[in-house]
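# Chains, contacts and geometry: an overview
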Amino acid sequence: TLAANGTYTVTVTDANGCQATATTDVVIYPLPVPVAGNNSPICAGFTLELTSGGGTSYSWSGPNGFTSALQNPTIADVTVAASGTYSVTVTDGNGCQATTTTVVTINPLPNATASSNSPQCLGATLNLTAGGGTGYVWSGPNGFTSNLQNPSIPNVTLAANGTYTVTVTDANGCEATTTTIVVINPLPTPTADSNSPVCAGSTLNLTAGGGTGYAW
């Protein structure tokens, strides 16, 4: 320990019983005081920043085979596999070493889902549905936006055709984005005619067009 610092004296006796004394000075260096930290918890896909101090050189190790000789290394586009305990060995100017740790938490992204009741016909109600989180932000064609999980668009027009995007946020503040494609079909252009006027007792012929099924 540091209490061993100081001057040591040895008295040497030879075979004749004669004695002489010598001294040596002992120096015990203190260990460095290492510090380590990180910017977690963060979401998967962000950049993990590890920080350390207390020495002149650094040796990191951690989950998923991570190693680094930088004082403050970073891991870009981090995955959940980076969660866990990171160790850093700090060496000072005297060559003395000490080790400390920091715990990293990487939260997974939410499992965002999006769908709709499409295809729908012009004038119907379009229902959009989303899941996987606690907060939702929709955007889509014709300037559509909504903060509802499951918004609806009544009396839908052909302008609602296209791709709708929803950003899902979970309880950890992590976000994921997904899309759903909406199809709005135009109404048919029906036609109706007959061979009237006809005389009583004749055959009346009704004709229709514009579709694939008819109900008179």
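Residues numbered from 1 in each chain as written. Predicted model: local features only at pLDDT ≥ 70, side-chain atom pairs only at ≥ 80, totals over all residues. Heavy atoms only, no water.

## Thoughts on the pairing of strand β1 (residues 6-13)
Relative to strand β2 (residues 19-26), β1 runs antiparallel, the two sharing eight bridges. If you follow Gly6 over to β2, its bridge partner there is Val26. Counting the residues in the hairpin turn of β1 and β2 gives five residues, including Gly17, whose phi is positive at 85°. (Pairing = 2+ DSSP bridges. Helix = DSSP H or I, 4+ residues; strand = E, 2+ residues; numbered from the N terminus.)

## Here's the deal with the state of the cysteines
Two cysteines whose sulfur atoms are joined by a covalent bond form what is called a disulfide. This model, assessed by the stated rule, comprises one disulfide. The disulfide bridge from Cys43 ends at Cys174, spanning 2.1 Å between sulfur atoms. Here the S-S torsion is close to -95°, and the disulfide linking Cys43 with Cys174 is therefore left-handed. In this pair, Cys43 is assigned in strand β4 (residues 42-43) and Cys174 in the loop between β18 (162-169) and β19 (175-182), connecting sequence segments 131 residues apart. We note that Cys43, like Cys174, is buried. (Disulfide = S-S within 2.5 Å. Buried < 20%, exposed > 50% of the residue type's maximum accessible area, 1.4 Å probe, protein only.)

## Let's talk about the packing of aromatic side chains
The full count for this structure, using the stated rule, is two aromatic pairs. Ring centres of Phe144 and Tyr164 lie 5.6 Å apart, and the angle between their planes is 65°; this geometry places the pair in the edge-to-face category. Of this pair, Phe144 sits in strand β16 (residues 144-146) while Tyr164 sits in strand β18, and the two are 20 residues apart along the sequence. Comparing Phe144 with Tyr164, the two get one shared label, buried. (Phe/Tyr/Trp six-rings, centres within 6.5 Å; stacked < 30°, edge-to-face > 60°.)

## Some words on the environment of Thr9
You can see Thr9 is positioned in strand β1. Note on Thr9: relative accessible area 54%, which makes it exposed. With residues up to four places along the chain from it excluded, the contact list for Thr9 reads Thr21, Ala22 and Thr23. (Contact = heavy atoms within 4.5 Å.)

## Some words on the sheet that holds strand β6 (residues 57-62)
On the basis of which strands lie adjacent, the open sheet formed by four strands has the order β7-β6-β9-β10 and antiparallel pairing. Single-partner strands in this sheet number two, and they are β7 (66-68) and β10 (97-104). The average angle at which neighbouring strand axes cross in this sheet is 15°, direction not considered. Pairing analysis gives eight bridges linking strand β9 (residues 84-91) to β10, with the strands arranged antiparallel. By the bridge assignment for β10, Thr85 is matched with Val103. (Axes fitted to C-alpha atoms, helices over the stretch in contact; angles between N-to-C directions.)

## Regarding the nonpolar core
Membership of the largest hydrophobic core comes to 16 residues, with the highest contact counts inside it found for Leu126, Leu128, Trp138 and Tyr164. Mapped by element, the contributors of at least two residues to this core are β14 (126-131), β15 (135-140), β18 and β19. Counting 15 residues, the second-largest nonpolar core is a separate cluster that includes Ile42, Tyr58, Ala82 and Val90. (Core = buried A, V, L, I, M, F, W, Y, C linked by side-chain atoms within 4.5 Å.)

## What about the sheet that holds strand β12 (residues 113-116)?
Strands sit in the order β12-β14-β17 across an open sheet of three strands; the sheet is antiparallel. Bordering the open sheet on either side are β12 and β17 (152-153), each of which pairs with just one other strand.

## Structural notes on the pairing of strand β5 (residues 48-53)
Sheet topology note: the strand β3 (residues 35-38)/β5 ladder contains four bridges and is antiparallel. What sits directly across from Val35, in β5, is Gly53. Where β5 lies against strand β8 (residues 74-75), two bridges are found, and the strand directions are antiparallel. By the bridge assignment, Glu49 is partnered in β8 with Thr74.

These results come straight from atomic positions and should not be treated as a statement about function.
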